[in-house]
Amino acid sequence: MSRPLHLDPQRFLPADPQVRSIAARLFGAVEALPIVSPHGHTDPRWFSGNEPFDDAVSLLLWPDHYLLRMLMSQGVTLESLGLPPADAPDAAPVATDRRAIWRLFAEHYRVFRATPSRLWLDHVFATVFGLEVRLTPETADHYFDTINAALATREYLPRALYERFGIEVLATTEGALDTLEHHTALAKSGWKGRIITTFRPDDVVDPDRADFVANVLRLGELAHEDTSSWRGYLAALANRRAFFRTLGATATDHGHPTARTADLSPHKAQALFERVLAAKQQPGDAEVFRAQMLTEMAQMSCDDGMVMQLHAGAWRNHNEILFNRFGRDRGGDFPTRTDFTAALKPLLDRFGSRRDFLLILFTLDESTYSRELAPLAGHYPCLKLGPPWWFHDAPEAMLRFRRQSTESAGFYNTVGFNDDTRAFFSIPARHDLARRIDCAYLAELVATHRLDEDEAAEVAVELAYRLAKSAYRL
Amino acid sequence: MSRPLHLDPQRFLPADPQVRSIAARLFGAVEALPIVSPHGHTDPRWFSGNEPFDDAVSLLLWPDHYLLRMLMSQGVTLESLGLPPADAPDAAPVATDRRAIWRLFAEHYRVFRATPSRLWLDHVFATVFGLEVRLTPETADHYFDTINAALATREYLPRALYERFGIEVLATTEGALDTLEHHTALAKSGWKGRIITTFRPDDVVDPDRADFVANVLRLGELAHEDTSSWRGYLAALANRRAFFRTLGATATDHGHPTARTADLSPHKAQALFERVLAAKQQPGDAEVFRAQMLTEMAQMSCDDGMVMQLHAGAWRNHNEILFNRFGRDRGGDFPTRTDFTAALKPLLDRFGSRRDFLLILFTLDESTYSRELAPLAGHYPCLKLGPPWWFHDAPEAMLRFRRQSTESAGFYNTVGFNDDTRAFFSIPARHDLARRIDCAYLAELVATHRLDEDEAAEVAVELAYRLAKSAYRL
Amino acid sequence: MSRPLHLDPQRFLPADPQVRSIAARLFGAVEALPIVSPHGHTDPRWFSGNEPFDDAVSLLLWPDHYLLRMLMSQGVTLESLGLPPADAPDAAPVATDRRAIWRLFAEHYRVFRATPSRLWLDHVFATVFGLEVRLTPETADHYFDTINAALATREYLPRALYERFGIEVLATTEGALDTLEHHTALAKSGWKGRIITTFRPDDVVDPDRADFVANVLRLGELAHEDTSSWRGYLAALANRRAFFRTLGATATDHGHPTARTADLSPHKAQALFERVLAAKQQPGDAEVFRAQMLTEMAQMSCDDGMVMQLHAGAWRNHNEILFNRFGRDRGGDFPTRTDFTAALKPLLDRFGSRRDFLLILFTLDESTYSRELAPLAGHYPCLKLGPPWWFHDAPEAMLRFRRQSTESAGFYNTVGFNDDTRAFFSIPARHDLARRIDCAYLAELVATHRLDEDEAAEVAVELAYRLAKSAYRL
């Protein structure tokens, strides 16, 4: 029953032959452009240590919350995939035979049909590992052996792959308390790959986190500031931003449950900080504090030139039982309805017209594309739109983003593609897919005489390469 | 001016010749599959009595709220269509000449252009009644005579049509207080058709209904339980569920204004029940009671294995004047913005990871497809997505459902098609349309190399037949 | 680097050759139909005075908030475009050289790629001014000279263009306090062009406006009524409506932040009026007053036969700094999430089933098309849907409107196209685009056998011409 695994050279391009030929011409000129990855979650340790990856299961399955969530939806338990719960006492037996786990995954590979996971993985299987048959229960062992054999070779060490993948720059994301030792080691290593960090201060600005107070104290220690005062806390944050910049950071990132911003008087902001730090917060205080901190971060970006990213609207750890047993990032997070027009107004009232400040917006609520995000980005100088995020990093969803945002925001208020992934092996697959979909969209415009082909060719290069470099100041 | 009524063999398939040929191949293999109709509103009396249907107007026009709503929107009154208001004193004259009513309908048939009603009716006219010209004022009499003549023959008796339509199983929907005598008669009749009931307890769980208290009392009588107590009320519901299962029910259905669920302590639930039963409810009590009852019903489904369906988000009887004069289901109901991610959390916290429980979700708010429903169903083992419902049971809307849900939920967290109709004659038309649109979507995936054709062929059969059987445990 | 500016005869029609040929046939029969423009913002003074337009910059750039917003988003200041701020003291230097301003615009013309502004302007450049090369920095001077030379000729006087454009009727929009002297002059002029006014009472029904009380007083003076009383206020409004009707008005228009309506008792309405007029309003009073006034206006429409338009859901002057410095309509307005089903209920409870009353609904929130607007318009006799508005007056957005509204509302609960513009020169471009997109949509229906071509041809004429005339009673 083995079927060929075939990556068609014109995959994801429009079906109509004439439109496809336009798209193919556009894509041909961007296919081989270097990869600029300005936002993602790879582990800098991989590149500083340059040790071989373990095996197919620990590399491709365990860290991928897209795979875990879908497998769980079909009744596959995490224990059966080899992931142990934290609450061991009542735990079911945990699988340990990685070959058997890989076979279980292969048995369920069909459930990923028409999801982006399938498209990314097939690309990895075919282009990175040279596999030529489809993953099925019958080919599971062949896959397991082939992948594991490859991973043991020098050609599959992280730095070799970075180079093979044609990556020009790769941004990781670290918390404000991270000491960045792997980035430091990389900087000293002499390796020419460009791995930069990104400053993500969620753990020190979110009073709803259990470790918030401890984190603020630790922030003070790292920054040699007294973070028990509002002034010292802000100074410590500015200090950490400066430290991150020494290791290449050009951007900050903010993962907030909502896009709410605030612009409190310094006196009120200080009083609020004191309440949340003393764990005397009143209802709503945490939300307002996070809102105020977005505005403070915007101010710091005006001061230090770091690009600000806002990923708003994820309900993290909605599946509390899963979170308590297996921790974060297992697939139990969900989008929520998100407001931007009202939420961002306090910040925009202060910085909206600044031309030296850039705030890149990401949403999980597609209804905001045409109603809020594109109109806002099509007016405020400081705003640009990030690419479709997470659940929407997929062919149909990417087309919806372009179709729903371009007529109000144009192309030049967007910032190119983010792979936003910890799945290092899939980075080329994700950029390949995004470039193909953008060329598909551009070809539609050309075929219906909404854009001339010479212009589309210019835009294709901008979407694939230039806009990310310029927006992220890389 | 008579124009041919022609059902093109490739209708609803994509226009592009290559994609259409793929879709046609896929559809060719599912076109003749038996119809599994796991959720609908046909009248079991038709099949137990097997009497002839009256005439074109009473069969095709009066019960169809899609037709009534559109005709009203164009200024046609229900009185002119022969429907008498309940408030006779001030009523306008009511038409009684059915041929004249049919002519009035024919005069307005053009307003249904590009609506699903038109597609379904043309299918009924052509395939069930053999009509070969389009319905226009000029052909109205021909239609009226042809249809009425056919209805008087044995070939048009309900059981004969059930068999001619290729129905394998047909679920009706009955309230908790229904005595199911027609199902009982059917079970004893020896007829081989499979007509099963579905348990819909809205009338005994919704304190906003004027007859709620009386209904709860009647529930107790039927179940031989004391429904003045919370414990007895729950026991009576479990008892009725068991009774419905003896007449084939495998599923329950819940029509709620919102998807809100609750998980009150038994003590609080009991106190709430006592308040609503004593008509001492406080603001919000009715909503919380309905919310709690969804969770109680989920518990009972875990106990007795019945599949649970939730149809959330309809504002029933928004047109109050219409409701007061003409009663329910005349076309004056509307979708409302619906939340699922927060609303379902209490239920999911208890049953979300159960693999022996299935909750099928339906929405009238398409903005929830990509933002809430597909991500939720793509993670929680107990959740699956019902097909596009009511206003969204239409070609473009079905494509939106697939395009917006598949990338996060895949195919295997959906449950195939529901015709959800009381328009028995249109059941083949509705399944035909749904199968064509699913094949159209699959062909797009194949043509753009997002799915191989052998896989699409397998999925087509699952969407048309197998998923409904397995999800509804038929 | 000059590239040809070519308006393809089949632009905006579907790419598939067979579908395109259907669309081209449909469009061929509507392309030359007269333009009915029942809602817009041109200046009646142009037609009463019939003076030449100044120059390219003051004609095409300054009044176009679509252009200003996009240029600002890219960091171009209004000062550099020649627009002076009101707060002169701290103002940057304001450009005065119009040729230089035009060059600056040309340098940024690329940012409009794939936006409707680009499509409209290219149509104006090619068809109105005969330009044959694309606007680029290199051709900026050629454009500036060509346009300005043309504007100085008799052929480019307002009345000549009205006739050249094939306009049958053109509605402007005036506030309740407008004395309509230009319309009066036009009526006396003997010119055969039909320019009618529209009654827009926002300035006298919105207590949130700083000039509300003064406006109500002025309303009384104009109408010779005592507007310090609720009764006199209503009488004055009725009086002004009658005055507007003498100058051709067949419609009113209402721009409200929400679609909320109310149906207060006369006693409560009077008390509310007295509070807002005395500037003693309580929180929420302004919103309820606007809501009540929509219902009062509906009552007056029942009395005097004027068609009522509701443009709901714009957050005006969101960019307050811009508003304070440069005034209204500079591009700093944004859509907001809008509710209709609940909001309109009070009004619909009174007038929903009236067949002599028409309320045309417009939204900036596309999520309401399939969830609220199409179902409502597909039932209530008094409701119809206006075309896609403002940010959604664009090719993709127009297709979304048809695809998301037609299956529930059909075509006959819509009202054709509105250009809704103050950009007089672009009126033919906007109608051309709308007609092409409607034909594209119809051709898709025909090609997929959802509508026969003879029917589509009839619908195309109705969408392009007849529905606007009948809905607006022109």
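Everything quoted here is computed from the prediction, not taken from an experiment. (Residues numbered from 1 in each chain as written. Chains lettered and ligands numbered in written order. Predicted model: local features only at pLDDT ≥ 70, side-chain atom pairs only at ≥ 80, totals over all residues.)

**Thoughts on the overall build of chain A**
Phase 1 of the analysis: A tally of regular secondary structure across chain A gives 20 helices and 11 strands.
Phase 2 of the analysis: For 474 residues, the compact-globule formula gives about 23 Å, and the C-alpha radius of gyration of chain A, at 23 Å, lands near that figure.
Phase 3 of the analysis: Across its three principal axes, chain A shows a C-alpha extent of roughly 70 × 65 × 45 Å.
Phase 4 of the analysis: In chain A, which comprises 474 residues, the share counted as buried stands at 57%.
Phase 5 of the analysis: Taking as baseline every contact in chain A between residues at least 6 positions apart, the subset at least 24 positions apart corresponds to 76%. (Helix = DSSP H or I, 4+ residues; strand = E, 2+ residues; numbered from the N terminus. Rg over C-alpha atoms; globule rule 2.2 N^0.38 Å. Buried ≥ 20, exposed ≤ 12 C-beta atoms within 10 Å, placed from the backbone. Contact = placed C-beta atoms within 7 Å.)

**Quick notes on the domain arrangement of chain A**
All names here are of chain A.
Phase 1 of the analysis: Split into domains, chain A comes out as domain 1 (17-51 + 157-471) and domain 2 (52-156).
Phase 2 of the analysis: For domain 1 and domain 2, the distance between their C-alpha centres works out to 28 Å.
Phase 3 of the analysis: Counting from both sides, the interface comprises 21 residues of domain 1 and, opposite them, 24 residues of domain 2.
Phase 4 of the analysis: When contributions to the side of domain 1 that touches domain 2 are tallied by element, the ones reaching two or more residues are α8 (158-164), α15 (320-326) and α19 (427-447).
Phase 5 of the analysis: Residues belonging to the side of domain 1 that touches domain 2 are distributed by class as follows: 10 nonpolar, 3 polar and 8 charged. (Domains from an automatic or database assignment. Nonpolar A, V, L, I, M, F, W, Y, C, P; charged D, E, K, R; others polar.)

**Quick word on the sheet that holds strand β1 (residues 35-37) of chain C**
Residue and element names in this part refer to chain C.
Phase 1 of the analysis: Reading across the sheet, the 3 strands line up as β1-β2-β4 and stay open at both edges, with parallel pairing between neighbours. Looking at the sheet topology across the chains shown, the edges are occupied by β1 and β4 (195-196).
Phase 2 of the analysis: As paired elements, β1 and strand β2 (residues 167-171) share 3 bridges and run parallel to each other. Bridge pairing in β2 links V36 to V169. (Pairing = 2+ DSSP bridges.)

**Section: the pairing of β2(C)**
Phase 1 of the analysis: Here β2(C) pairs with β4(C) via 2 bridges, running parallel. Within the sheet, the bridge partner assigned to C:L170 lies in β4(C) and is C:I195.

**Digging into the interface of chain B and chain A**
Reports of interface size often rely on the accessible area that becomes lost once the parts have come together.
Phase 1 of the analysis: Contacts between the two partners involve 39 residues from chain B, matched on the other side by 41 residues from chain A.
Phase 2 of the analysis: Taken together, the elements giving at least two residues each to the side of chain B that touches chain A come down to α1 (17-28), α16 (345-351), α17 (368-377), α18 (395-409), α19 (427-447) and α20 (453-471) of chain B.
Phase 3 of the analysis: Residue contributions to the side of chain B that touches chain A peak at 6 residues, all from α17(B).
Phase 4 of the analysis: Grouping the amino acids of the side of chain B that touches chain A by side-chain chemistry returns 12 nonpolar, 14 polar and 13 charged.

**Describing the relation of the copies chain B and chain A**
Superposition of the two copies of the chain requires a rotation about an axis and a shift along the axis.
Phase 1 of the analysis: Mapping chain B onto chain A is achieved by rotating through 120 degrees and translating by 0.0 Å along the same axis, at an RMSD of 0.0 Å. In the structure described here, the two chain copies are related by an operation that fits a three-fold rotation axis.
Phase 2 of the analysis: Comparing interface residues between copies, only 5% of those in chain B also sit at the interface in chain A, which points to a heterologous contact through distinct surfaces. (Least-squares fit on C-alpha atoms with pLDDT ≥ 70 in both.)

**Here's the deal with the environment of A:L376**
Phase 1 of the analysis: Note that A:L376 resides in helix α17 (residues 368-377).
Phase 2 of the analysis: The spatial distance from the C-alpha of A:L376 to the C-alpha of A:A409 is 7.9 Å, given a sequence separation of 33 residues.
Phase 3 of the analysis: Once residues within four sequence positions are removed from consideration, A:L376 is found in contact with A:F340, A:T341, A:L383 and C:F334.

**Comments concerning the sheet that holds strand β4 (residues 195-196) of chain A**
Phase 1 of the analysis: Spatial ordering of the open sheet is given by β1-β2-β4 (chain A), a layout of 3 strands whose pairing is parallel. Of all the strands in the sheet, the pair left with one neighbour each is β1 (35-37) and β4 of chain A.

**Quick notes on the interface of chain C and chain A**
Phase 1 of the analysis: The interface is formed by 41 residues belonging to chain C together with 39 residues belonging to chain A.
Phase 2 of the analysis: Listing elements by their share of the side of chain C that touches chain A, those giving two or more residues are α4 (65-73), α6 (116-128), α15 (320-326), β9 (334-335) and α18 (395-409) of chain C.
Phase 3 of the analysis: Per element, the largest residue contribution to the side of chain C that touches chain A is 4 residues, and it comes from α4(C).

**Some points on the packing of helix α5 (residues 98-107) of chain A against helix α7 (residues 140-151) of chain A**
Residues and elements named next belong to chain A.
Phase 1 of the analysis: Here α5 crosses α7 at 125 degrees, and the two axes come no closer than 9 Å. One finds that α5 runs oblique with respect to α7. Both α5 and α7 take part in a crossing whose hand is right-handed. Of the residues in α7, those in contact with R99, W102, R103 and A106 of α5 are A140, D141, Y143 and F144.
Phase 2 of the analysis: Looking at the contact of α5 with α7, its residues break down into 5 nonpolar, no polar and 3 charged. (Axes fitted to C-alpha atoms, helices over the stretch in contact; angles between N-to-C directions. Parallel < 35°, antiparallel > 145°, perpendicular 65-115°, else oblique. Left-handed = near helix turned anticlockwise from the far one by under 90°.)

**Some points on the nonpolar core**
Phase 1 of the analysis: In terms of nonpolar packing, the biggest core is built from 462 residues, with A:L442, B:L442 and C:L442 touching the most fellow members.
Phase 2 of the analysis: Setting aside anything within four residues of it in sequence, one finds B:L442 in contact with B:L26, B:L451, B:A456, B:V459 and B:A460. (Core = buried A, V, L, I, M, F, W, Y, C linked by C-beta atoms within 7 Å.)

**Thoughts on the pairing of strand β7 (residues 307-312) of chain B**
Residue and element names in this part refer to chain B.
Phase 1 of the analysis: For β7, the tally of buried residues reaches 6 of 6 residues, placing the bulk of the element in the interior.
Phase 2 of the analysis: Alternating positions in β7 separate into two faces, V307, Q309 and H311 on one and M308, L310 and A312 on the other, with burial throughout.
Phase 3 of the analysis: Across 5 bridges, the pairing between β7 and strand β10 (residues 359-363) is parallel. Along β10, the bridge assignment pairs H311 with F362.

**Digging into the environment of B:L83**
Residues and elements named next belong to chain B.
Phase 1 of the analysis: On the secondary structure map, L83 appears in the loop between α4 (65-73) and α5 (98-107).
Phase 2 of the analysis: The sequence separation of L83 and P93 amounts to 10 residues, and the corresponding C-alpha distance is 10.0 Å.
Phase 3 of the analysis: Non-local contacts of L83, meaning those with residues more than four positions away in its chain, are made with W62, L78 and F326.

**Some remarks on helix α6 (residues 116-128) of chain A**
Phase 1 of the analysis: Across its 13 residues, α6(A) extends 17 Å between first and last C-alpha, which sits within 8% of the 18 Å expected from 1.5 Å per residue.
Phase 2 of the analysis: Every buried residue belonging to α6(A) is among A:P116, A:S117, A:R118, A:L119, A:W120, A:L121, A:D122, A:H123, A:V124 and A:F125, and all of these are buried.
Phase 3 of the analysis: Packing partners of the buried residues in α6(A) comprise α4 (65-73) and α19 of chain A together with α18 of chain B.
Phase 4 of the analysis: Positive phi appears at A:G130, one or two residues downstream of α6(A), with a value of about 65 degrees. (Expected span 1.5 Å × (residues − 1).)

**Looking at unusual backbone geometry**
Phase 1 of the analysis: Look at A:L180: it is not a glycine, yet its phi comes out positive at around 60 degrees.
Phase 2 of the analysis: Mapped onto the secondary structure, A:L180 falls in the loop between β3 (174-175) and α9 (181-189).

**Notes on the packing of helix α17 (residues 368-377) of chain C against α18(C)**
Residue and element names in this part refer to chain C.
Phase 1 of the analysis: At their nearest, the axes of α17 and α18 sit 8 Å apart, and the two run at 40 degrees to each other. Looking at the two axes, α17 sits oblique to α18. As for the relative orientation of α17 and α18, their crossing is right-handed in sense. Counted together, Y369, S370, L373, A374, P375 and A377 of α17 and F401, Q404, S405, S408 and A409 of α18 form the full contact between these two elements.
Phase 2 of the analysis: The class makeup of the residues in the contact of α17 with α18 is 7 nonpolar, 4 polar and no charged.

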